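What the coordinates show
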Amino acid sequence: MKKKLIIAIDGYSSCGKSTFAKAIAKELNYLYIDSGAMYRTVTLYCMRRGFISHDKLDIQGILNELKDIVIEFVYNPDIAEYETFLNSENVENEIRGIEVSKHVSRISQISEVRSRMVELQRQIGMFKGIVMDGRDIGTVVFPDAELKIFMTASVEIRAKRRYDEMKNKGIDVDFEEIRRNIIARDITDENRDISPLRRADDAIILDNSKMTVQEQMIWVHSIIEKKINGS
Ligand code: DC
């Protein structure tokens, strides 16, 4: 039987981590988990419960209800992709909206939220054969992952990609607002006290500013082969 890997993909927001991670998972027939979707889902729950206002968070309220937040990834055969569910409701589109994007960095700074998500992520990855993307997958969640990739791309390109993605979904967005949101999230992601975004020492850097997904797949193919064959 072929050796199964844990593949950790970290990096800045909107640099194509999930597209790349999904393509790898498909090729290897691995499970793909979008850890950002988990933080987004907790954020949506908190928004709906009124725990988030523009200048403060109701931390006690959030902690009291953390155990009530059930996150699942359910396969949708019509689109051949997993979708995110919050307490049995499909929230896949809602968690990608700008409102959730605006608040998610604050929610993902709460240490109890992070501990809970890391626990769930480790459970999901227990049997390996998984590609997980996020900010702290190679550093905190799976420090022993067999393959770690750290992705980056220019701000302009990332903003354009997110803009196109949302437009394609029929969501009305402003390019400048998206660009500012990306810059703001980079700053909070890199500077937060707990699990800040940083490259693991043993992660390979991939700057995909000028690469297509196909080119990225060609790049990663031989790296994966070596890992699987143990050379
Ligand atoms: O990958 P994304 O943009 O959907 O992630 C949403 C937010 O969640 C991002 O601003 C940072 C946070 N996040 C995190 O703190 N740790 C992770 N492993 C994944 C995402």
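Note that the structure is a prediction, hence the values are computed from the model and not measured.

1. Here's the deal with the site of the ligand
Surveying the vicinity of the ligand reveals 16 residues, the closest of which are Arg 40, Arg 114, Asp 136, Arg 185 and Arg 192. Contact between the ligand and Arg 114: an oxygen atom at 2.8 Å from a side-chain N or O atom of the residue. Separating an oxygen atom of the ligand from a side-chain N or O atom of Arg 192 is a distance of 2.8 Å. Starting from 450 Å² of accessible surface for the ligand in isolation, the protein chains cover 97%. The element that contributes the greatest number of residues to the shell around the ligand is helix 2 (residues 35-48), accounting for 4 residues. Considered class by class, the residues forming the shell around the ligand number 3 nonpolar, 6 polar and 7 charged.

2. Brief notes about helix 2
Its 14 residues place the ends of helix 2 20 Å apart at the C-alpha level, agreeing with the 20 Å of an ideal helix rising 1.5 Å per residue. Judged by how many residues are buried, helix 2 sits mostly within the fold: 11 of 14 residues are covered. Ser 35, Ala 37, Met 38, Tyr 39, Arg 40, Thr 41, Val 42, Thr 43, Leu 44, Tyr 45 and Cys 46 are the residues of helix 2 that are buried. Two or three places before Gly 36, at the opening of helix 2, Asp 34 has a side-chain oxygen 3.1 Å from that residue's backbone nitrogen. Once helix 2 finishes, Gly 50 follows within two positions and takes phi at roughly 75 degrees, a positive value.

3. Considering the pattern of salt bridges
Under the counting rule described, the total for this entry stands at 19 salt bridges. Across the pair Arg 116 and Glu 119 runs a salt bridge whose closest N-O atoms are separated by 3.4 Å. Taken as a pair, Arg 116 and Glu 119 lie in helix 5 (residues 111-124) at a separation of 3 residues, close to a single helical turn. In this structure, Asp 164 engages Lys 160 in a salt bridge whose closest nitrogen and oxygen atoms are separated by 2.8 Å. Of this pair, Asp 164 and Lys 160 both sit in helix 7 (residues 155-168), separated by 4 residues, roughly a single helical turn. With a relative accessible area of 43%, Lys 160 lands in the partly exposed category. Each member of the salt-bridge network shares a partner with another, and the members are Asp 34, Glu 92 and Arg 96.

The rules we used
Residues numbered from 1 in each chain as written. Predicted model: local features only at pLDDT ≥ 70, side-chain atom pairs only at ≥ 80, totals over all residues. Heavy atoms only, no water. Near = heavy atom within 4 Å. Polar contact = N/O pair within 3.5 Å; in protein donor to acceptor, adjacent residues only side chain to side chain. Areas by Shrake-Rupley, 256 points an atom, 1.4 Å probe, with all protein chains shown as cover. Helix = DSSP H or I, 4+ residues; strand = E, 2+ residues; numbered from the N terminus. Nonpolar A, V, L, I, M, F, W, Y, C, P; charged D, E, K, R; others polar. Expected span 1.5 Å × (residues − 1). Buried < 20%, exposed > 50% of the residue type's maximum accessible area, 1.4 Å probe, protein only. Salt bridge = Lys/Arg side-chain N within 4 Å of Asp/Glu carboxyl O.

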